[in-house]
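Survey of secondary and tertiary structure
Chain residues, written in single-letter form:
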Amino acid sequence: MRAPPVAPPTMAPAPEPHERFFDARPAGMLVDRPDLSEEDLLLAIAERLVFEGRTGPDPQVVIEAARLGKRKALAFLRKLLLPPPRAPLTMPVRPILREHEGGDPAH
């Protein structure tokens, strides 16, 4: 009787079904707002839960579920009312008035 084939030692074992990808990016990146801190996101989640009249889950649990890719948590994050961006907008400086060549500078 032959022994069953053995996988080469260089191959990594397949991930267990209970293991999922964990998103380790900052919490603000979960809502495409890198300027938001985790505290800002926790506050927005807590406010949304109160608005919907829910007592749970804990805001931190929602962030962790979103990092695991749970669809319900990601959909919940899309409903959040987020604070306005704090980062300054970069815009080119443009003069308000143009100088006229050879003309009266008062115009």
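The preceding data block contains the structure.
Residues numbered from 1 in each chain as written. Predicted model: local features only at pLDDT ≥ 70, side-chain atom pairs only at ≥ 80, totals over all residues. Heavy atoms only, no water.

**Re helix H1 (residues 38-51)**
Residues that lie three or four places apart on an α-helix share one face, since the helix turns once every 3.6 residues. Rule in force here: By definition, any uninterrupted DSSP run of H or I lasting at least four residues is a helix, any uninterrupted run of E lasting at least two residues is a strand, and each is numbered from the N terminus. To estimate how far a helix should reach, multiply one less than its number of residues by 1.5 Å. The classification of residues rests on relative accessible area computed with a 1.4 Å probe and restricted to protein chains. Under 20% of the type maximum is buried, over 50% is exposed, and intermediate values are partly exposed. Contact between two residues is taken to exist if any of their heavy atoms lie within 4.5 Å; hydrogens are not considered.
Here H1 is 14 residues long and its end C-alpha atoms lie 20 Å apart, about the 20 Å a rise of 1.5 Å per residue gives. Within H1 the residues assigned to the buried category are Asp-40, Leu-41, Ala-44, Ile-45 and Leu-49. In this structure, the buried side of H1 is in contact with helix H2 (59-67) and helix H3 (71-78). The positive-phi residue at the C-terminal boundary of H1 is Gly-53, with phi of around 75 degrees.

**A short note on H2**
When H2 is considered as a whole, its buried residues turn out to be Pro-59, Val-62, Ile-63, Ala-65, Ala-66 and Arg-67. For H2, the elements touching its buried residues are H1 and H3. Immediately downstream of H2, the backbone of Gly-69 shows phi near 85 degrees, a positive value.

**Considering the layout of surface pockets**
A water-sized probe, rolled over the atoms, reveals where empty space remains. We apply this condition: Any residue with an atom within 4 Å of a point lines the site, the site being either a cavity, points on a 1 Å grid over the protein atoms alone where a 1.4 Å probe fits but cannot get out, or a pocket, an open set with protein on both sides within 12 Å along at least 5 of 7 lines. Grid points are joined across faces, edges and corners, and a volume is the space filled by probe spheres set on the points. When residues are grouped by polarity, Ala, Val, Leu, Ile, Met, Phe, Trp, Tyr, Cys and Pro land in nonpolar, Asp, Glu, Lys and Arg in charged, and all others, Gly among them, in polar.
Approximately 180 Å³ is the volume found for the largest pocket. Surrounding the largest pocket, Leu-49, Arg-54, Pro-57, Val-61, Val-62, Ala-65, Lys-70, Lys-72, Ala-73, Ala-75, Phe-76 and Lys-79 form its lining. At the level of elements, H2 and H3 are the ones that each hand at least two residues to the lining of the largest pocket. With 4 residues, H3 is the single largest residue contributor to the lining of the largest pocket. Of the residues assigned to the lining of the largest pocket, the class counts are 8 nonpolar, no polar and 4 charged.

**Focus on the packing of H2 against H3**
Rule in force here: Here an axis means a line fitted to C-alpha atoms, over the contact stretch when the element is a helix, while the angle between two N-to-C directions is reported on a 0 to 180 degree scale. Crossing chirality is assigned from the near helix's rotation relative to the far helix, an anticlockwise turn below a right angle marking it left-handed and a clockwise turn marking it right-handed.
Put simply, H2 and H3 touch, their axes get as near as 7 Å, and they point 115 degrees apart. Once H2 is placed against H3, the crossing between them reads as left-handed. Along its contact with H2, which presents Val-62, Ala-65 and Ala-66, the element H3 presents Ala-73, Leu-74, Phe-76 and Leu-77. Residues belonging to the contact of H2 with H3 are distributed by class as follows: 7 nonpolar, no polar and no charged.

**Re unusual backbone geometry**
In the segment running from Gly-56 into Pro-57, the intervening peptide bond is cis, with an omega of 0 degrees. Along the chain, the position of Pro-57 falls in the loop between H1 and H2. Phi at Asp-32 is positive, roughly 55 degrees, even though this residue is not glycine. Considering the arrangement of structural elements, one finds Asp-32 in the segment before H1. Owing to a relative accessible area of 65%, Asp-32 belongs among the exposed residues under this scheme.

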